[in-house]
Each structure stands twice: as structure tokens, then as C-alpha cells.
Amino acid sequence: MATHTRYTGLIEHYRDRLPVSDSTRIISLGEGNTPLIELHNIPKLIGKNVKIYIKYEGLNPTGSFKDRGMSMAVTKAVEDGSQAIICASTGNTSAAAAAYAVRAGIRAFVLIPEGKIAQGKLAQTLMYGAEIIQIRGNFDEGMSLVKQVIDHAPVTIVNSINPFRIEGQKTAAFEIVDELGRAPDFHCLPVGNAGNITAYWKGYSEYAKETNGIAAVSSNTPVMCGYQAAGAAPFTAGKMIDNPETIATAIRIGHPQSWDLAWNVQKESGGWFDSFSDEKILAAQKMLSAYEGIFCEPASATSLAGALNDIATGKIPEGSTIVCTLTGNGLKDPDTAIQQCTETHPVSVDASLDAVKKAILDNM
Ligand code: AN7
């Protein structure tokens, strides 16, 4: 008979690898345990012998990977007696911060760049009732302000410079190794502040060091591939940039907060950074939807855009096992999705059997 274990979030699940004690009150919305989906159609389409898995983080409670780190960061903020959290955000962090603050019964203040966050993220953050401070500036300016204001107000910062964010997010790597029984050869991620690539590397490295874990853990760690949007690509530029621009607003970041940590990941893992045009990113987003039934937001598709490029050039060789993290749900940014589909706009017909029949038979 099947046994049923209730999944109650990543802190409970990986409790012995996270900074909690028996008395810690855990703030969770059931985050983590996201699907690892093997692509079936895209490898055939490109004619390459590769295994590509999608880590579908858009299925977290607020629709992005940020929930992993936020569960941990808010748990620790509450444990430390904090009554309020604050972050700057391109949208997803603000949604996650707002939701976990509500869950914990504390306040959330979020600084967002006015007019530059996707509609779904704004809608969520409003509904969760966070104190939204829209700034006439970009994410980097908001981040700088948050770092200054914490000296003037009793608020806990929950951007990824909060080390508990990284602790929570590293669990995604644990899940992948638990499921595959090994680490992938390559792990591809979109990079903004570079907190997530840092977290995955920490997770893989910690698991790889284990000799007697529950899972059959390979001693290997993946090569980490970090991809950016061409207009917001400080890692490929090798320096911070001041006016980042990309349609992938989640990663419209010019001054990554985990700069040194991410370069360390690149060196230790033998990986690389690269950047791709908005067109290539949107093409990858569309490809995932149209060929695999997987809908992610534009920033997330940067991981597949990069993987496909590096598979084509042979930098990622045939025979490889690759994981691409899709960091956020496609529903986060409905505007960009609809704009991309102008040529397949829904047809309008009369509400008659004839018209509907014709619309079907003409398209068979
Ligand atoms: C969908 O919400 O920085 O490299 O303020 O939302 O760890 O920063 C979002 C980042 C990738 C980049 N994909 O992750 C924010 C924010 C999506 C994101 C990233 C973000 P990091």
C-alpha cells in the first residue's frame, strides 16, 4: 500500500541542512518540491543527443523561486523578533516578501521601479497588502536606497544579500540531485543579482561533500552557466553597468549584489557567463510554450536560450545531462506574452454552430 507523507515545505523537508532548531516557528506556504520535467520535443527539434530537464520554479506558491529563500529569510527574521521586512525588487522578490510577511503576521515594505515590473507581480504584491514604494528609478537605485534606509528604520532586509535567502534557495539543488540520483553535467540559470546561481552552487557543493547521505549522491558538481540579457549583462561586460535595459524586467539589473560570489561560482565550477538578445530570450520562451507546454516568464527563458546556444556551438557537448531552471511562471507577465502572439490572435466568430464548425474544420 502506498504511504502518504504530507509535504509541508522545504524547511521541514531539509531541516537538518538548514539553520533552524526544534523551537523555530517555520513560516511556510508549501514552497519547493517543484517538478523536474524532461524536455521531449525540443531535443528532437534541434537534432541533438542531450537530456534537458526543466526545474519548474514557477510552480512555487507565489510563482517564482524566490519563495524558497523567502520562507527561510522570513522564518529567521521572525525568530530574531523582527516586525518588518524590506526589499528592493524587480517584482518577484516583492511578491514573495509580501506573501511570507502576511503569513508571519509582520509588515513588508517593497521598493519597485515604477512602470518596470510585470503586471502579475504588481497584482500579487498589491493583493498581499505590502507597503509598496514605487521609485522613479531602476532596481539598482532601489537596492542602494534599501541598504541605506535599514540604518534608519527597524526593518530586516530580505534581498539575497540576506544569507538566509541563499540557504533556502540552495534546496533546489538538493531536490535535483535527490531526483536524478546525481548532479547534472551542466546547470543553466538566468542571472540578475546572481543570488540564485550562488545558492545552487552552495547546494550542489554541500551535497557533493557528503559521503553518507540518504540520496545516492554523485561526487560530481555541475558546470554552472549563467546567462543574462544583452542589455543588462554586467557579467559579460566584466563590470557593473548603469542603465540596464531588457524586456525581461526581472533581470533588468546592472549592479548585481552577489558579484564576487558569482565569479567564484564561475571559477570553482569551470562555468561561464554569456548574454543574449531580447529576441533570442523571447524565442526560447515561445519555444517552451509551443513545443513543450511549459510557460515561463521572459527572464526565465534566458536559461534555455543560453543552453540551446551552447549546445549548438558544442560548448555543451552531446551526451550531456542539462538542467535549466525556469525561475518564474509565465502568468507573471501576461502583457509580454500576448504582445508576442499578435499573428495568432484569437479569431472572433459569430456564436453559431456553423461559424464554430467552420473555425475548427478550416484549421484541421
Ligand atoms: C524570474 O525580484 O532580483 O540572479 O528583485 O525574478 O538570483 O537575482 C529577481 C530576479 C531570474 C535573477 N529570474 O535571479 C527581484 C529579482 C527571475 C527573477 C532572476 C530573477 P538572481
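**Q** Just give me the short version of the overall build of the protein chain, but keep the residues and values in it.
**A** Broken down by element type, the protein chain carries 15 helices and ten strands. At 21 Å, the protein chain has a C-alpha radius of gyration in line with the 21 Å of a compact globule built from 364 residues. Dimensions of the protein chain, computed from C-alpha atoms along their principal axes, come out at roughly 65 × 55 × 45 Å. In the protein chain, which comprises 364 residues, the proportion classed as buried is 55%. Put simply, 71% of the contacts in the protein chain that link residues at least 6 apart link residues at least 24 apart. In the protein chain, 31 positive and 38 negative side-chain charges are present, and the distance between their average locations comes to 1 Å.

**Q** So what about empty space enclosed by the protein? Which residues, and what values?
**A** Applying the stated criterion across every chain yields a total of one cavity of 30 Å³ or more. A volume near 330 Å³ is recorded for the largest cavity. For the largest cavity, the lining is made up of 29 residues, of which Phe-65, Lys-66, Gly-192, Asn-193 and Ala-250 are closest to its centre. Contributions of two or more residues to the lining of the largest cavity are made by α4 (92-104), α6 (139-149), α7 (163-169) and α9 (195-209). The leading source of residues in the lining of the largest cavity is α9, at three residues. Each residue belonging to the lining of the largest cavity can be placed in one class, and the counts come to twelve nonpolar, 14 polar and three charged.

**Q** Could you give an account of the packing of aromatic side chains, naming the residues involved and the relevant values?
**A** Applying the stated criterion across every chain yields a total of ten aromatic pairs. Ring centres 4.5 Å apart and planes at 15° place the aromatic pair Phe-174 and Tyr-207 in the stacked group. One end of the pair, Phe-174, is in helix α8 (residues 171-180); the other, Tyr-207, is in helix α9, with 33 residues separating them in the sequence. Pair check on accessibility: Phe-174 and Tyr-207 agree, each one buried. For the ring pair Tyr-227 and Phe-276, a centre distance of 5.6 Å and an interplane angle of 65° mean the geometry is edge-to-face. Taken together, the residues span a long stretch of sequence, with Tyr-227 in strand β8 (residues 223-229) and Phe-276 in strand β9 (residues 272-276) at a distance of 49 residues. A single burial state applies to Tyr-227 and to Phe-276, both of which are buried. Within the aromatic cluster, the residues linked to one another by ring pairs are Phe-235, Trp-259, Trp-263 and Phe-273.

**Q** How would you explain the site of the ligand if you had to name every residue and give the values?
**A** Around the ligand, a shell composed of 23 residues is seen, among which Asn-92, Thr-93, Asn-193, Ala-194 and Thr-327 lie nearest. The contact in question runs from an oxygen atom of the ligand to an N or O atom on the backbone of Thr-90, over 2.8 Å. Between Thr-93 and the ligand, the recorded distance is 2.8 Å, taken from a backbone N or O atom to an oxygen atom. In the complex, the protein chains occlude 99% of the 480 Å² of accessible area that the ligand would expose alone. Because more than half of its atoms lie within 2 Å of the grid, the ligand is assigned to the largest cavity. Counting only elements with at least two residues in the shell around the ligand, the list comes to α4 and α9. Across the shell around the ligand, the residue classes break down as nine nonpolar, twelve polar and two charged. Looking at the shell around the ligand, you find at least three residues from each of domain 1 (10-63 + 165-340) and domain 2 (76-162).

**Q** Requested: an account of helix α13 (residues 298-313), with residues and values cited.
**A** With 16 residues, α13 extends 23 Å between its outermost C-alpha atoms, agreeing within 8% with the 22 Å of an ideal straight helix rising 1.5 Å per residue. For α13, the tally of buried residues reaches 13 of 16 residues, placing the bulk of the element in the interior. One or two steps after α13, the chain reaches Gly-314, where phi turns positive at roughly 90°.

**Q** Describe the domain arrangement of the protein chain, and please don't skip the residues or the numbers.
**A** Looking at the protein chain, the domain boundaries give domain 1 (10-63 + 165-340) and domain 2 (76-162). Between the C-alpha centres of domain 1 and domain 2 there is a distance of 23 Å. Carbon and sulfur atoms make up 48% of the area that domain 1 and domain 2 hide from each other, which totals about 2500 Å². Three residues stand out in domain 1 for area buried against domain 2, namely Arg-165, Gln-257 and Lys-332, and they jointly supply 26% of the buried area on that side. Remark: the boundary between domain 1 and domain 2 carries one salt bridge. Lys-121 serves as the salt-bridge partner of Glu-297, at 2.7 Å between the closest nitrogen and oxygen. If you look at where domain 1 meets domain 2, you find 17 residue pairs in polar contact (both at pLDDT 80 or more). Elements supplying a minimum of two residues to the side of domain 1 that touches domain 2: α7 and α14 (334-339). Residues of the side of domain 1 that touches domain 2, tallied by class, amount to ten nonpolar, ten polar and ten charged.

Conventions we followed
- Residues numbered from 1 in each chain as written.
- Predicted model: local features only at pLDDT ≥ 70, side-chain atom pairs only at ≥ 80, totals over all residues.
- Heavy atoms only, no water.
- Helix = DSSP H or I, 4+ residues; strand = E, 2+ residues; numbered from the N terminus.
- Rg over C-alpha atoms; globule rule 2.2 N^0.38 Å.
- Buried < 20%, exposed > 50% of the residue type's maximum accessible area, 1.4 Å probe, protein only.
- Contact = heavy atoms within 4.5 Å.
- Lys, Arg positive; Asp, Glu negative; His and termini not counted.
- Charge placed at Lys NZ, Arg CZ, Asp CG, Glu CD.
- 1 Å grid on protein atoms, 1.4 Å probe; cavity = no way out; pocket = protein on both sides within 12 Å on 5 of 7 lines; lining within 4 Å.
- Points joined across faces, edges and corners; volume = space filled by probe spheres on them.
- Nonpolar A, V, L, I, M, F, W, Y, C, P; charged D, E, K, R; others polar.
- Phe/Tyr/Trp six-rings, centres within 6.5 Å; stacked < 30°, edge-to-face > 60°.
- Near = heavy atom within 4 Å.
- Polar contact = N/O pair within 3.5 Å; in protein donor to acceptor, adjacent residues only side chain to side chain.
- Areas by Shrake-Rupley, 256 points an atom, 1.4 Å probe, with all protein chains shown as cover.
- Sits in = over half its atoms within 2 Å of the grid points.
- Domains from an automatic or database assignment.
- Expected span 1.5 Å × (residues − 1).
- Buried area = accessible area lost by both parts, 1.4 Å probe.
- Salt bridge = Lys/Arg side-chain N within 4 Å of Asp/Glu carboxyl O.

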